[in-house]
Amino acid sequence: MVVVRLPRRILPGPTLLDRYVVRTYLRLLVLALGSLMALFYVISTVDLSDRIGRNGVTTWMFLRFLWHMTPEFLSYVVPLSILIAGLGTLGALTRTNELMVMRACGISLYRAAAPLIALSGVWTLLLFAMGSDVQARSKRTADVLNDQIHGRESSTVNLLNPRWLVGEDGRIYHFQVYEPANRRNAGRPTVHGLAIYETADGPYRLAAHTTAERAALDQAIWRPSVAWIQRFDGAAAARRDVTATPLVLPDVEEFRRVQGDASQMTLGELREYVRRFGESGYNIAEHEVGLHQKLAFPAVAIIMTLLAIPFGATTGRKGALYGIALAFLLAGAYFLVQTFFTAVGAAGIMPPALAAWGTNALFAMGALYLLLTVRT
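Residues numbered from 1 in each chain as written. Predicted model: local features only at pLDDT ≥ 70, side-chain atom pairs only at ≥ 80, totals over all residues. Heavy atoms only, no water.

Enquirer: Let's hear about the packing of helix 8 (residues 285–296) against helix 11 (residues 352–373): which residues, and what values?
Expert: With their axes 7 Å apart at the nearest point, helix 8 and helix 11 run at an angle of 35° to one another. Our pair here, helix 8 against helix 11, has a crossing hand that is right-handed. Residues Glu288, Val289, His292, Gln293, Leu295 and Ala296 of helix 8 pack against Pro352, Ala353, Ala355, Ala356, Trp357 and Asn360 of helix 11. Its residues assigned to classes, the contact of helix 8 with helix 11 comprises eight nonpolar, three polar and one charged. (Axes fitted to C-alpha atoms, helices over the stretch in contact; angles between N-to-C directions. Helix = DSSP H or I, 4+ residues; strand = E, 2+ residues; numbered from the N terminus. Left-handed = near helix turned anticlockwise from the far one by under 90°. Contact = heavy atoms within 4.5 Å. Nonpolar A, V, L, I, M, F, W, Y, C, P; charged D, E, K, R; others polar.)

Enquirer: Account for the environment of Tyr173, with residues named and values stated.
Expert: Here Tyr173 is to be found in strand 2 (residues 172–175). Aside from chain neighbours lying at most four places away, what touches Tyr173 is Arg163, Trp164, Leu165, Gly167, Ala195, Ile196, Val248, Leu249 and Pro250. Looking at Tyr173, its side chain comes within polar contact range of the side chain of Arg171, at 2.9 Å. (Polar contact = N/O pair within 3.5 Å; in protein donor to acceptor, adjacent residues only side chain to side chain.)

Enquirer: Can you break down the confidence of the model for the protein chain residue by residue, with the values?
Expert: Here the protein chain averages 83 in pLDDT, while 91% of its residues score no lower than 70. Mean pLDDT across the elements of the protein chain ranges from a minimum in helix 6 (residues 252–258), with 71, to a maximum in helix 11, with 91. In this model residues 155–161 is a low-confidence stretch, pLDDT under 50, and it forms 18 contacts with partners more than four residues away in sequence or in other chains. (pLDDT = per-residue confidence, 0-100.)

Enquirer: Please provide a residue-by-residue account of helix 1 (residues 16–48), values included.
Expert: An α-helical turn contains 3.6 residues, so a residue and the one three or four places further along point in the same direction. Here helix 1 spans 48 Å end to end across 33 residues, near enough to the 48 Å set by a 1.5 Å rise per residue. All of the buried residues along helix 1 are Leu17, Asp18, Val21, Thr24, Tyr25, Leu29, Ala32, Leu36, Met37, Ser44 and Leu48. (Expected span 1.5 Å × (residues − 1). Buried < 20%, exposed > 50% of the residue type's maximum accessible area, 1.4 Å probe, protein only.)

Enquirer: Could you give an account of the pattern of salt bridges, naming the residues involved and the relevant values?
Expert: Going through the model one piece at a time under the given rule, you end up with eight salt bridges. Residues Arg171 and Glu198 are paired through a salt bridge, measuring 3.6 Å at the closest nitrogen-oxygen approach. Of the two residues, Arg171 sits in the loop between strand 1 (163–166) and strand 2 while Glu198 sits in strand 4 (residues 190–200), which places them 27 residues apart along the sequence. Each member of the pair, Arg171 as well as Glu198, carries the same accessibility label: buried. Between Arg214 and Glu213 there is a salt bridge, and its shortest N-O distance comes to 2.9 Å. What you see here is one network of salt bridges that share partners, running through Glu72, Lys139 and Asp143. (Salt bridge = Lys/Arg side-chain N within 4 Å of Asp/Glu carboxyl O.)

Enquirer: Explain the packing of aromatic side chains residue by residue, including any values.
Expert: Tallied over the full model, the rule gives eight aromatic pairs. The interplanar angle of 80° and the centroid separation of 5.8 Å between the aromatic rings of Phe340 and Phe341 together place this pair among those described as edge-to-face. A connected cluster of aromatic rings, assembled from ring pairs, spans Phe40, Tyr41, Phe73, Tyr76, Phe297, Tyr334, Phe335 and Phe363. Directly above the aromatic system of Trp228 lies the positively charged group of Arg239, at a separation of 3.8 Å from the ring centroid. (Phe/Tyr/Trp six-rings, centres within 6.5 Å; stacked < 30°, edge-to-face > 60°. Lys NZ or Arg CZ within 6 Å of the ring centre and 35° of its normal.)

Enquirer: Requested: an account of the side chain of Thr124, with residues and values cited.
Expert: Counting through the fold element by element, Thr124 comes out in helix 5 (residues 114–149). The class of Thr124 is buried, set by a relative accessible area of 15%. Setting aside residues no more than four positions away along its own chain, Thr124 makes contact with Pro298, Ala299, Ala301 and Ile302.

Enquirer: I'd like a description of the pairing of strand 2, backed by residues and values.
Expert: Of the strand pairs in this sheet, strand 1 and strand 2 are connected by four bridges, and their pairing is antiparallel. By the bridge assignment for strand 2, Arg163 is matched with Phe175. Connecting strand 1 to the antiparallel partner strand 2 that follows it, the hairpin turn spans five residues, and Gly170 within it adopts a positive phi of roughly 90°. Bridge count for strand 2 against strand 4 is three bridges, and the pairing is antiparallel. Across the sheet, residue Ile172 finds its bridge partner in strand 4, namely Tyr197. (Pairing = 2+ DSSP bridges.)

Here is the structure:
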């Protein structure tokens, strides 16, 4: 008789220590996430509560606005919650000397923090799924509701089609791309592929059609390039060149508002936008940075976890308030550096990929250095 004994589990599973660390971590994560989300809801309620009941704004509309703003709120509070939970978990193990006992039993800091690193991978996947699709769709609806609550006309448009704008003078503007001021256009905001339609009443008809390859704002004057106007007077139509004639256009902010916002596009829509207008030769550095950021930002969960391990092990005895203040400081520094890199990349000074991934690279190198120098 031959007896073959197989192990109960072929793949290694979580140990008792892993379950203990994960339980502490998840409890702190839920507490931090719930507190920060509640803070966002309270601030939004205080800010907009005076508009409920006015201009047709109902409580249900306000609750829908909060619901659709939740994904954007989460994108801010999840990284901070991960950092607070990581610092709190390792800080608690340090204060109770449990981390010292683990080291005495041959369990290093790296092994004790392994469950946190594994969970950070899960949070990265969730952030990617939310940021690539859910957040963009929710933000579109939230912006529409926000405009209705404030009594403004909504500027939401089809993000992959040319832009339309109706001016206060009744003229209709149609353009391909709005390019903000940057080095490429010598600091002059530029509208590409511009068409202007002037209408007349009695009967309603098209009175004139102006086309310009582009129009640049130079010292408060819109100067066109390769432009002509065609007027329709009865059955006759007259066309003449107006390249040397300044154009009367709406304020530059009107074009900026109608222009596609990368935060309102899903990953697929933004990729198609960059491909379509990038091949046409337009400067879309801002949207290229946004595309790379949708791929780079979810890694913030891993970055915050790597930062929490050395700081939690070295400063854990200083108390919970110290850990929370440290978490806010580190998260604030991360978002501040990210804002700087984004602005530099949108201005065309830095390659879009580097502008999007630069913050992660800097903080990852700092976290790895601390991890390699901390007493394990």
